[in-house]
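Residues per chain, in single letters:
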Amino acid sequence: MYKILKAEKLADKIYLMDVEASRIAKACQPGEFVIVRMDERGERIPLTICDYDREKGTVTIVFQIVGASTERMAGLKTGDSFIDVVGPLGNPSEFVHDNLEEVKNRKYLFVAGGVGTAPVYPQVKWLKEHGVSVDVIMGSKTKDLLILEDEMRTVAGNLYVTTDDGSYERKGMVTEVIKDLVVNQGKKYDVCVAIGPMIMMKFTCLMTKELGIPTIVSLNPVMVDGTGMCGACRVSVGGEVKFACVDGPEFDGHLVNFDEAMKRQQMYKTEEGRALLRLHE
Ligand code: NAD
Ligand code: FES
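What counts and how
- Residues numbered from 1 in each chain as written.
- Chains lettered and ligands numbered in written order.
- Predicted model: local features only at pLDDT ≥ 70, side-chain atom pairs only at ≥ 80, totals over all residues.
- Heavy atoms only, no water.
- Pairing = 2+ DSSP bridges.
- Helix = DSSP H or I, 4+ residues; strand = E, 2+ residues; numbered from the N terminus.
- Contact = heavy atoms within 4.5 Å.
- Axes fitted to C-alpha atoms, helices over the stretch in contact; angles between N-to-C directions.
- Domains from an automatic or database assignment.
- Buried area = accessible area lost by both parts, 1.4 Å probe.
- Salt bridge = Lys/Arg side-chain N within 4 Å of Asp/Glu carboxyl O.
- Buried < 20%, exposed > 50% of the residue type's maximum accessible area, 1.4 Å probe, protein only.
- Arc of directions from axis to C-beta.
- Polar contact = N/O pair within 3.5 Å; in protein donor to acceptor, adjacent residues only side chain to side chain.
- Core = buried A, V, L, I, M, F, W, Y, C linked by side-chain atoms within 4.5 Å.

Spatial strand order, E11-E10-E9-E8-E12-E13-E16: seven strands in an open sheet with mixed pairing. In this open sheet, the two edge strands, each paired with only one partner strand, are strand E11 (170-171) and strand E16 (250-252). Pairing of strand E10 (residues 158-163) with E11 involves two bridges; the strand directions are parallel. Within E11, the position partnered with Thr-162 by the bridge is Arg-170. Across the face of the sheet, helix H5 (residues 117-129) comes into contact with strand E8 (108-113), strand E9 (135-140), strand E12 (191-195) and E16 while running at roughly 155° to E8.

This is how it looks when you write it as structure tokens:
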């Protein structure tokens, strides 16, 4: 059993939990994810690791209520437990294994959209701990939905916050901030890392392609086994079939077929769509 040591509501339908999982906390790296299960019959829910404390043996997860399972999960309190927390799964972010001197010479721009801020945080934190200062753009629909702002402020070199409705800081979408920084302010970036809703990653990639900035995205398609066996998390990258759970979750954003990924995500929302996908796997 994996005990919940902290359960906190961050915003409407968005929750944070610190979970006791010492083996995962010891081994995990930014970019990796876990699959949690509430009980024997519970759905397997993949969640990117938002933070970890190797000494306390905890991992932090952040999730949004998107259906019955996550709604039930939001009802868990401090002291409750998950029956299963499997991980760390997937591959760490590229910079973890790259030559640190090369990483230090790169100018990074991180783009965090909505709940996607949670997986961006450990990456920016890791880079700061290794002496790399990065620029971060955080976007949310409205001020009330902005999460982890204080945490991000402590690890980001420069933080640019934007809300779609202008209720806090700048008004507009993350892509408008990218354009402002690069085109108007003349900032130069070697790598962009964009994590958020699929539509945000798609439009961020269209813009960074135009601006000539290589871009990494983290995909979170529907997952079932998390081990490359079931095919549920299939995505097309550069015309090749990849499984986000074992080949990703991070990919070259300029090669991802976002339209297909979004279509599959929509289909998984209905029983009929799921049956259709199974037929074509
Ligand atoms: P959201 O809809 O509030 O969008 C966040 C920001 O993305 C917006 O504020 C905006 O700046 C930007 N954005 C949205 N549409 C855009 C467009 N067309 N062009 C340019 N920028 C755009 O985000 P949310 O409601 O928090 O998102 C939830 C979604 O994020 C879920 O579908 C969830 O699956 C996904 N998510 C993805 C990851 C991941 O690892 N990729 C992690 C957590 C959540
Ligand atoms: Fe089954 Fe990736 S979740 S192959």
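Each assigned domain of the chain is listed here: domain 1 (2-89), domain 2 (94-218) and domain 3 (220-281). Placing the centre of domain 2 and that of domain 3 at their C-alpha centroids yields a distance of 24 Å. Domain 2 puts 15 residues into the contact, and the matching count from domain 3 is 13 residues. Summing both sides of the interface, domain 2 and domain 3 together bury roughly 1200 Å²; the carbon and sulfur share of this comes to 61%. Joining domain 2 to domain 3, the criterion identifies one salt bridge. The shortest N-O distance in the salt bridge between Asp-259 and Lys-202 comes to 2.8 Å.

So, on to helix H10 (residues 258-267). Among the residues of H10, Phe-258, Ala-261, Met-262 and Arg-264 are the ones counted as buried. Along H10, the residues classed as buried sweep out an arc of 160° about the axis, all on the same side. Between the side-chain oxygen at the start of H10 and the backbone nitrogen of Asp-259 there is a gap of 3.4 Å, and the oxygen is on Asn-257.

Turning next to the nonpolar core. Burial of nonpolar side chains together is a common tendency in soluble globular proteins. With 58 residues, the main nonpolar core has Met-73, Phe-82 and Phe-110 as its most contacted residues. With six residues, the top contributor of residues to this core is H5. Residues from two domains meet in this core; each of domain 1 (2-89) and domain 2 (94-218) gives at least three. When residues no more than four places from it in sequence are discounted, the contact partners of Met-73 are Met-17, Val-36, Met-38, Ile-45, Leu-47, Ile-61, Phe-63 and Phe-82. Cys-192, Met-201, Cys-205 and Met-262 belong to the second largest nonpolar core, which has 34 residues in total.

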